[in-house]
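Structural description and commentary
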Amino acid sequence: MAAHLGEQPDTVSVESEGSVSVESEDSMDETDSDQTTHKAAPQPYPPASTTFIELRHHPHSGILEPEFIFWDLPYDTTGFARNFEIHGSWIRDLVTDPSLSSSLILYPVKKFLHANGGITQIFDEINTGQTWWDIQEQLPYYPYLPHCFLPLHLWLDKGKVSSTVTMHPILLRPGFLPRAIQNGSGNRGAVLIGYMPRIVDPGDPDDPFGRFKRDIYHKILQKMLRSLEHISQEGEAVKCGDEIHHVFFPGIAIQSLDMEEAACACGTRAALADYPCTRCLVHKHQLHLVTKSFTLQTTKTMQSVYKQAINAHTKAASEDILKKNGLHKNTFWFIANSDPYIAHSYDLLHNDDSGKFGKHLFPLTIEVLEDLAKKGKYSQNMNMVPSWPNLNHFQSITTMEFSDAYACIRLIAGFHMISELQLNKLQEYLQEYKDYCKEVQELYGKVFNFSKQHALVHLTYDIIHKGSTINYDTLVGEGFQQEVKQAYHLTKFKKVEEQMTRIDENQEAIAHIGMAIDAYEKELKDRNAEAEEEKKAQHNTQAAQPQGHWKLGSPEKHTTGTKLKESNKGNMVFQNFHKNLLGFLRHIFPEGNLDSMPMKITPYKCIYISYQSLEDWSILQDIARCNPSFHNKPCYDYIIINTEPVSCGQLHFMFRCHLNTGPQDIAVIRRLKPSKWTPHTLWKNCHIYEEKDYGACHMIPTFDTRPRFYLNDLIDSDMFLRFGNCN
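What counts and what doesn't
Residues numbered from 1 in each chain as written. Predicted model: local features only at pLDDT ≥ 70, side-chain atom pairs only at ≥ 80, totals over all residues. Heavy atoms only, no water. Helix = DSSP H or I, 4+ residues; strand = E, 2+ residues; numbered from the N terminus. Buried < 20%, exposed > 50% of the residue type's maximum accessible area, 1.4 Å probe, protein only. Areas by Shrake-Rupley, 256 points an atom, 1.4 Å probe, with all protein chains shown as cover. Polar contact = N/O pair within 3.5 Å; in protein donor to acceptor, adjacent residues only side chain to side chain. Pairing = 2+ DSSP bridges. Axes fitted to C-alpha atoms, helices over the stretch in contact; angles between N-to-C directions. Expected span 1.5 Å × (residues − 1). Parallel < 35°, antiparallel > 145°, perpendicular 65-115°, else oblique. Contact = heavy atoms within 4.5 Å. Nonpolar A, V, L, I, M, F, W, Y, C, P; charged D, E, K, R; others polar. Salt bridge = Lys/Arg side-chain N within 4 Å of Asp/Glu carboxyl O.

**Quick notes on the overall build of the chain**
Per the secondary structure count, the chain includes 20 helices and 25 strands. Counting the 727 residues in the chain, one finds 50% classified as buried. Taken as a whole, the chain presents about 36800 Å² of accessible surface, with 52% of it coming from carbon and sulfur.

Right under this line is the structure:
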């Protein structure tokens, strides 16, 4: 099968399928009778057949009528970074920076997808979550002096800086900037506010020394965050970079912590308590119930419990009250809009990747394989899985600590943009997962009463209230651990925290200066380029030709069809190559005089294919290869063919044919057909193909005697959606 690469795949177009709209959900709060309200002229609403996104702004933003914004490229933004103390100076520096004024997110929004005659809410950035909306509702509203909540993101995790030393850096990120900025490094992203001393979890919730260490933990946090207490409650008036005055109320809306750190930060009584969860009152014997709801802990309810314990008549009665609620006193109670139980967020890294699957399900799988004497065969088969960009490939998978995700739940949880319909599908997968866990427990005696299993109860809540999980996954901050390690080795190895903080400040200041210079030089370059383009436009009236969605890479020497056949004897692809190529070109150009044309051909070994993601409509790129020796072994990738229904094939040869009418890019593909063969273990939405452009795909051999392949629709979120796993 030959494919003409000039045929572009279907994409979400700007006019019909890639639009965005903005509208106010609620009417503005009623104003005094002597105030005049000016309403903007309503804009035409898109037709019902159009697919678009609608943003419903919070009433305090002052946006009353719909406004429609269109895009079909990924959102991109840039900024600077400088290290400041946590108190007002760092926040003030961000909101007063003119270069960031257009990027500030000062109000929550509700985002809705209109498609196929239906409407569904979608969640991505922090400001699309319900938590910000609810906090903004509680703030005063004055049209002439906007009052805004500024969400902060607290990150704390331990990391080794040497074979014997572990450090606990504490970072704050500005949740009021787009995540492309706040999750970055050196561009107004995280700020280091200090290091937490090593406080070992005693394990025993009744250990007096353990409680003492928890008290020390919160006294340290109280000192670090002391400046937030006042301004979070009273607010602070600031003239922003856009010359508009606002009153800001900062608060810690998100905490990214592993389970051990979360128990300390939330002041709960560790994993051995009767109620070990940092967020709800679930008993330790009910942690396996991933679809059941439990009473949520809040600052208000926990403060009430703490007061009851203080007023108890005996110490034993006081301890009993605290133990039943898994509670210690908490620093965050005194910072407004910083409920630690709501702020603690679902963590893909520790709960999933190195949690449920890596520490529980996969080790159990290895035990079962050992009992069946199939462990070696499993490693052999896994070693035969074809390589793929960003996919770790292991030589001996059963001898290492594996950290993969568990299929559909992990993929949906990791979406950068997720809809209510997909959340409903997530609930279905959770129910299936619970049933499978029950079956595994009955067969193999595996008990699922552990905190990382229970964390799934809070996954949907977090997405609805704080946006997609990329906003609070601890993995975002793991890169900072490398900077901590580098700073440690620049110290004198005594009293290192103060030295490391100074090193970080110096490095961030240098980076800030360098980025300012780069921004200035880029501005000059853009001005010169714009002036040059204007000059060219005055002398060139020819319209620019659109670029294709692909680009061939790794070219080889020019050749001809006859030479290709001679140099590839025995290869079925090149039998009658010249004849088949002529027939294909005559089909594409029926009026062309191809017989008299010299057939000069340039082979290529890879192709870069751009496509529009079904996850968030951003433009992504796949690399597909047809290389006889890629890292010393053949690599002929599989691709999705843009047919109806979608089909799959394997790339065998790509080349550019130089014709008198212009170059033509052509690919030779071996088509795969759906197989009727059924494996011993047939899973939901299983796709199997056998031998007989949209983007590339990952095919895994079935490891039997016939050339059959499983389609790996779990390789990324786009493939997961493209093959109907959320329908």
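**Thoughts on the side chain of Lys-466**
The topology assignment puts Lys-466 in helix α15 (residues 459–466). Within the local environment of Lys-466, its side chain forms a polar contact with the side chain of Ser-345, the two groups lying 2.9 Å apart.

**Things to note about the environment of Lys-466**
Judged by its relative accessible area of 2%, Lys-466 falls in the buried class. Separated by 339 residues in sequence, Lys-466 and Asn-127 place their C-alpha atoms 7.3 Å apart. Reaching out from Lys-466, the side chain makes a polar contact with the backbone oxygen of His-344 at a distance of 3.4 Å.

**Section: the pairing of strand β5 (residues 109–115)**
With respect to burial, β5 is a largely interior element, 6 of its 7 residues being buried. Across 5 bridges, the pairing between β5 and strand β6 (residues 118–123) is antiparallel. Within the sheet, the bridge partner assigned to His-114 lies in β6 and is Ile-119. Adjacent in sequence and paired antiparallel, β5 and β6 are bridged by 2 residues, among which Asn-116 carries a positive phi angle near 55°.

**Some points on the sheet that holds strand β12 (residues 236–239)**
Sheet architecture is open: 5 strands sit in the order β11-β10-β7-β13-β12, paired in mixed fashion. Strand pairing shows two members of the sheet lacking a second neighbour, β11 (191–195) and β12, which therefore form its edges. Each adjacent strand pair in this sheet contributes to an overall mean axis angle of 40°, direction not counted.

**Let's talk about helix α13 (residues 420–444)**
For α13, built from 25 residues, the straight-helix expectation of 36 Å at 1.5 Å per residue is met to within 8% by its first-to-last C-alpha distance of 35 Å. Among the residues making up α13, those that are buried are Gln-422, Leu-423, Lys-425, Leu-426, Tyr-429, Leu-430, Tyr-433 and Cys-437. In the segment just after α13, Gly-445 is the residue with positive phi, at about 75°.

**Notes on the pairing of strand β13 (residues 245–256)**
Most of β13 sits inside the fold, with 11 of its 12 residues counted as buried. Sheet analysis places strand β7 (residues 147–156) next to β13, joined by 9 bridges and oriented parallel. Bridge pairing in β13 places His-147 opposite Val-247. Bridge count for β12 against β13 is 4 bridges, and the pairing is antiparallel. Paired with Glu-236 across the bridge in β13 is Phe-248. With antiparallel pairing between neighbouring strands as the criterion, β12 and β13 make up a hairpin whose turn holds 5 residues, including Glu-243 at a positive phi of roughly 70°.

**Looking at the packing of α13 against α15**
Running from N to C, α13 and α15 cross one another at 170°; their axes reach a closest spacing of 11 Å. If you check the angle between α13 and α15, you find them roughly antiparallel. Mapping the contact onto sequence places Leu-423, Leu-426 and Gln-427 in α13 and Leu-459, Thr-460, Ile-463 and Ile-464 in α15. When the residues that make up the contact of α13 with α15 are grouped by side-chain class, the tally is 5 nonpolar, 2 polar and no charged.

**Things to note about the pattern of salt bridges**
Scanning the model with the defined rule gives 13 salt bridges in all. Residues Arg-92 and Glu-236 are paired through a salt bridge, measuring 2.7 Å at the closest nitrogen-oxygen approach. Linking Arg-92 in helix α1 (residues 89–95) with Glu-236 in strand β12, this pair joins segments that are 144 residues apart in sequence. Accessibility expressed as a relative area gives 34% for Arg-92, which makes it partly exposed. Its salt-bridge partner being Lys-158, residue Glu-260 comes within 3.5 Å of it at the nearest N-O pair. Here Lys-158 lies in the loop between β7 and β8 (159–160) and Glu-260 lies in helix α6 (residues 259–265), a separation of 102 residues in the sequence.

Geometric values such as these leave the question of function open.
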